[in-house]
Amino acid sequence: MWQGGRFLPGGLLSEGATGSRAHPLFRMFVRWVRRPLLAVVRLWRRNIQLRVVAATLLMSLAVVLLLGLVVIGQVRNGLLDAKQQAARSQAAGGFAVAEQMADNAADGAAEGDAGNGRRGVQDTGTWLNNLVTQLASGGQGVYYLVALSSEEGPDTFGADEGAGTHGPRASGRALPEESVSQGMRQALAESPDTHEQHGRVVLDGGRSEAALVIGKRLSDPNGDPYQLYYLFPFEQEEKSLSLVKGTLATAGVFVVVLLGAIAWLVVRQVVTPVRMAARISERLAAGRLQERMKVSGEDDIARLGESFNKMAKNLQTKIQQLEELSRMQRRFVSDVSHELRTPLTTVRMAADVIYEARDEFDPVTARSAELLLGQLDRFESLLADLLEISRFDAGAAALEAEPVDLRDVVKRVLEGAEPLAERKGSRLLVRGDERPVVAEADARRIERVLRNLVVNAVEHGEGRDVVVRLASGDGAVAVAVRDYGVGLKPGEANRVFNRFWRADPARARTTGGTGLGLSIAVEDARLHGGWLQAWGEPGGGSQFRLTIPRTAGEPLRGSPIALEPADSRRRKEAAEALSGGTRASVPPPPASHGTAEGPRRTPGGGAVAAPPRDGLGGGPDGGPDGGPDGGGPEERTRTTEERGGHGDRHGG
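Summary of the structure given here.

Considering the packing of aromatic side chains
Then, in step 1: The final tally for this structure, using the stated rule, is 6 aromatic pairs.
Then, in step 2: Note on Tyr230 and Phe232: the rings are 5.9 Å apart at their centroids and 10° apart in plane angle, and the pair reads as stacked. Phe232 carries the same exposure label as Tyr230, and that label is buried.
Then, in step 3: Cluster of aromatic residues (ring-pair linked, three or more members): Phe95, Tyr143, Tyr230 and Phe232.
Then, in step 4: Above the face of the Tyr355 ring, Arg358 is positioned so that its terminal group lies 3.9 Å from the ring centre.

Encoded structure:
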């Protein structure tokens, strides 16, 4: 299983492998760990109350820990100082008593042996036993007493406790030789001063306690040196310090929890109205304009709620006024369009009579009759478009979807546009019609969209080929119409779908259609849940792409046709290669294609012309066989009718 840092055949991670090259077990483990972490991160980012409470708890915990360390340090130092003062005082008194007892014993021995010139030899073993017992009797449980010989001989320690020996002696259960370090014994052997040292008292059974050791070299009744030690254990101080630590820990936990609860309650008072305002805002955005916040009290939060309710009320009033105005406008457009049909029919009949008799008129009058008939055609088309727009605005447009092979729709559109293409000198070419392209759609509306696109492409193709491309894939079908005419300037791909938009506002509206054709086409695409997008570059032509879901009601994830044509991309790459990687002299607008994000959405739902984005589609691409390479004559500006509305009279 494990060999040379590798787990399983090939290892979890091959050398230098990351990302998709990682072992499946490793990726599964990462996903298993990442899933709960993502939920926690999402909760952390979305819940301000959780963040405030967590920050309060962390800061409170840090403060409590800091204060606890300071307090424990102060208590420890105080206990040590008190212990040292008491120990020094106790040891000094004990050493004085030991010296006095030695002097008394020496004086008694001298009186008993007055004829001897030196001190009489005493039973020092018994005297040391009595000394240790007497000094330790007043400090049982407080300190231990140890007496050791100060001689250097190896047979001194451990000798019998008979006369004249200074064998080790200790009170209680302390082990004398193990409790006093060799270094301190050496220090006392070299200096008669009092010495102290922190060490450990070793008791019977191997148990030891931290202690303060204070020792001094003294003389017995015979004048022989010995070492007397006081060992003061810190057991009581450690118990007191442990009690202080436990008390501080309990109090600290209680304080942290209390501060967290206080923070939660305080933040809740602030966050709850904010959350309520957020919910009310969402309901207002969903159209429930009657929603209001509950206001109680007179504090800042209450004033915020009152201000929010006033804003919602004013917003409701304004929206109602705008809706009423919009209804009046739609009704006005619809009524005017219907009312104009009767006089327009009468004028149309009269114009037809005059037009039929134009041969009998003088040239000026005959030309006037022709112009009158042409403008009446435009007038009728404008009325039809206005009626259609009013249906979309009123939400009365209905989709009659059924399975449709878009090849048949494209065939009918091209047959209708063939006479215009012959007059303009353009060829109509179809790509991608080798296999069925079926989708659930309203054939009449799709045909109207494609007719607008094809007629516009022929009008602005300047006699060059017009290519219609079909493709399907990934739950969507698409139809793209490509021309090689004057193209679009940067930014016009988004504005070309606006109602009555003109590329040059200074130009008079004397040619073209009504300017509503592409606007109606966008509404038709939106009704299908699809996209209608445009791409173009000055002098390089343009391409309009219609993408609709294969099944009605399904969301679009992408388009099988790239919005920017392949010939344009190849031309750019060639220009960049020739110029050393720099852009061409005329930078075209970035291209867009269907992605998972899709085009922009309007508040009412549905797709409009999305902002172009660089990228490629998943369908076939490439220019027309034997067609132009995308070049064209010098750039010229067209009016709205020439770009957006030409051919509207064929749009139904």
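More follows now that the structure is in view.
Quick look at the pairing of strand S10 (residues 438–441)
Then, in step 1: Of the two faces of S10, the one holding Ala439 and Ala441 is buried and the one holding Val438 and Glu440 is not buried anywhere.
Then, in step 2: By the bridge criterion, 4 bridges tie strand S8 (residues 402–405) to S10 in an arrangement that is antiparallel. Each bridged residue has a counterpart across the sheet, and for Glu402 the counterpart in S10 is Ala441.

Structural notes on the pattern of salt bridges
Then, in step 1: The tally for this structure, following the rule as stated, stands at 23 salt bridges.
Then, in step 2: Among the ionic pairs, Arg445 bridges to Asp524, the shortest N-O distance being 3.0 Å. Of this pair, Arg445 sits in helix H10 (residues 443–460) while Asp524 sits in helix H12 (residues 517–527); the two residues are 79 residues apart in sequence, bridging distant segments of the chain.
Then, in step 3: When the shortest N-O distance is used, the salt bridge between Glu447 and Arg451 registers 2.5 Å. Residue Glu447 and its partner Arg451 are located together in helix H10, separated by 4 residues, close to a single helical turn.
Then, in step 4: When its relative accessible area of 15% is taken as the criterion, Glu447 is described as buried.
Then, in step 5: Each of Asp442, Arg445, Arg448 and Asp524 takes part in one network of salt bridges that share partners.

Describing unusual backbone geometry
Then, in step 1: For Glu462, which is not glycine, the phi torsion reads 55° and is therefore positive.
Then, in step 2: Mapped onto the elements, Glu462 comes out in the loop between H10 and strand S11 (466–473).
Then, in step 3: Assessed through its relative accessible area of 26%, Glu462 is described here as partly exposed.
Then, in step 4: Not every positive phi belongs to a glycine, and Asp474 is a case in point at roughly 55°.
Then, in step 5: The topology assignment puts Asp474 in the loop between S11 and strand S12 (476–483).

Here we look at the sheet that holds strand S4 (residues 169–170)
Strand pairing in a sheet takes place through backbone hydrogen bonds and is either antiparallel or parallel in direction.
Then, in step 1: Spatially, the 5 strands line up as an open sheet ordered S4-S3-S7-S6-S5, and their pairing is antiparallel. A strand with exactly one partner marks an edge of an open sheet, and here the two such strands are S4 and strand S5 (195–202).

Quick look at the nonpolar core
Then, in step 1: Counting 42 residues, the largest nonpolar core has Leu450 and Val454 as the members making the most contacts within it.
Then, in step 2: Mapped by element, the contributors of at least two residues to this core are helix H9 (406–424), S10, H10, S11, S12, H12, strand S13 (531–537) and strand S14 (541–549).
Then, in step 3: With 9 residues, the single largest contributor to this core is H10.
Then, in step 4: Beyond its immediate sequence surroundings of up to four residues, Val454 is in contact with Val413, Leu414, Ala417, Leu428, Val468 and Val481.
Then, in step 5: Counting 25 residues, the second largest nonpolar core, distinct from the first, contains Ala102, Leu218, Tyr226 and Leu228.

Rules and cut-offs
- Residues numbered from 1 in each chain as written.
- Predicted model: local features only at pLDDT ≥ 70, side-chain atom pairs only at ≥ 80, totals over all residues.
- Heavy atoms only, no water.
- Phe/Tyr/Trp six-rings, centres within 6.5 Å; stacked < 30°, edge-to-face > 60°.
- Buried < 20%, exposed > 50% of the residue type's maximum accessible area, 1.4 Å probe, protein only.
- Lys NZ or Arg CZ within 6 Å of the ring centre and 35° of its normal.
- Helix = DSSP H or I, 4+ residues; strand = E, 2+ residues; numbered from the N terminus.
- Pairing = 2+ DSSP bridges.
- Salt bridge = Lys/Arg side-chain N within 4 Å of Asp/Glu carboxyl O.
- Core = buried A, V, L, I, M, F, W, Y, C linked by side-chain atoms within 4.5 Å.
- Contact = heavy atoms within 4.5 Å.

Just distances and angles here, no functional claims.
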